[in-house]
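The chain contents come next:
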Amino acid sequence: YSFGVMLYQLITAKLPYEAKTAMEFLEKLRAGRYPPVRALRRDCPRNLANLVARCMTHEPDGRPLSARQAA
């Protein structure tokens, strides 16, 4: 998950969940709604944006298990 957040920030120069309070952050995190990478950076390759989304899924089984899988 943290790899996905790091990629998101590197690509978009923003955090996926911006909030003014800890409670607001937790609500956004629980909802799992953040602007898609390509909404902020249309020039981002689709496969890279899909990787970020897979890495940031709440279900661990949906995330790549290794760097090899991510590649």
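In the block above lies the structure referred to throughout.
Source: prediction; values computed, not measured.

Draft legend 1. Fine view of the packing of aromatic side chains. In total, this model carries three aromatic pairs according to the counting rule given. Both rings, one in Tyr 8 and one in Tyr 34, keep their centres 5.6 Å apart while their planes meet at 90°; by these two values the pair is edge-to-face. Residue Tyr 8 is located in helix H1 (residues 2–12), and its partner Tyr 34 is located in the loop between helix H2 (22–31) and helix H3 (37–40); the two are separated by 26 residues in the primary sequence. In terms of burial, Tyr 8 and Tyr 34 fall into one category: buried. With a centroid separation of 5.7 Å and an interplanar angle of 80°, the aromatic rings of Tyr 17 and Tyr 34 are classed as edge-to-face. Taken as a pair, Tyr 17 in the loop between H1 and H2 and Tyr 34 in the loop between H2 and H3 lie far apart in primary sequence, 17 residues in all. Each member of the pair, Tyr 17 together with Tyr 34, is buried. Joined through ring pairs, the aromatic side chains of Tyr 8, Tyr 17, Phe 25 and Tyr 34 make up one cluster.

Draft legend 2. Up close: the nonpolar core. One finds Tyr 8, Ile 11, Tyr 34, Val 37, Cys 44, Val 52 and Met 56 to be the most contacted residues of the largest nonpolar core, which totals 13 residues. Sorting the residues of this core by element identifies H1 and helix H4 (46–55) as the ones contributing at least two each. Once you skip the residues sitting within four places of it in the chain, Tyr 34 turns out to touch Tyr 8, Pro 16, Tyr 17, Ala 53 and Met 56.

Draft legend 3. Structural view of the packing of H1 against H4. Remark: H1 packs on H4, axes separated minimally by 7 Å, with the N-to-C direction vectors making an angle of 140°. In terms of axis orientation, H1 runs oblique to H4. The hand of the H1/H4 crossing is left-handed. Facing Phe 3, Gly 4, Leu 7, Tyr 8 and Ile 11 of H1, the residues of H4 in contact are Leu 48, Leu 51, Val 52 and Cys 55. Residue composition of the contact of H1 with H4, by class: eight nonpolar, one polar and no charged.

Draft legend 4. Representation of unusual backbone geometry within the structure. Backbone geometry at Ala 13 places phi at a positive 65°, although glycine is not the residue there. The topology assignment puts Ala 13 in the loop between H1 and H2. By relative accessible area, which is 66% here, Ala 13 ends up exposed.

Calculation notes
- Residues numbered from 1 in each chain as written.
- Predicted model: local features only at pLDDT ≥ 70, side-chain atom pairs only at ≥ 80, totals over all residues.
- Heavy atoms only, no water.
- Phe/Tyr/Trp six-rings, centres within 6.5 Å; stacked < 30°, edge-to-face > 60°.
- Helix = DSSP H or I, 4+ residues; strand = E, 2+ residues; numbered from the N terminus.
- Buried < 20%, exposed > 50% of the residue type's maximum accessible area, 1.4 Å probe, protein only.
- Core = buried A, V, L, I, M, F, W, Y, C linked by side-chain atoms within 4.5 Å.
- Contact = heavy atoms within 4.5 Å.
- Axes fitted to C-alpha atoms, helices over the stretch in contact; angles between N-to-C directions.
- Parallel < 35°, antiparallel > 145°, perpendicular 65-115°, else oblique.
- Left-handed = near helix turned anticlockwise from the far one by under 90°.
- Nonpolar A, V, L, I, M, F, W, Y, C, P; charged D, E, K, R; others polar.

Geometry only, nothing functional implied.
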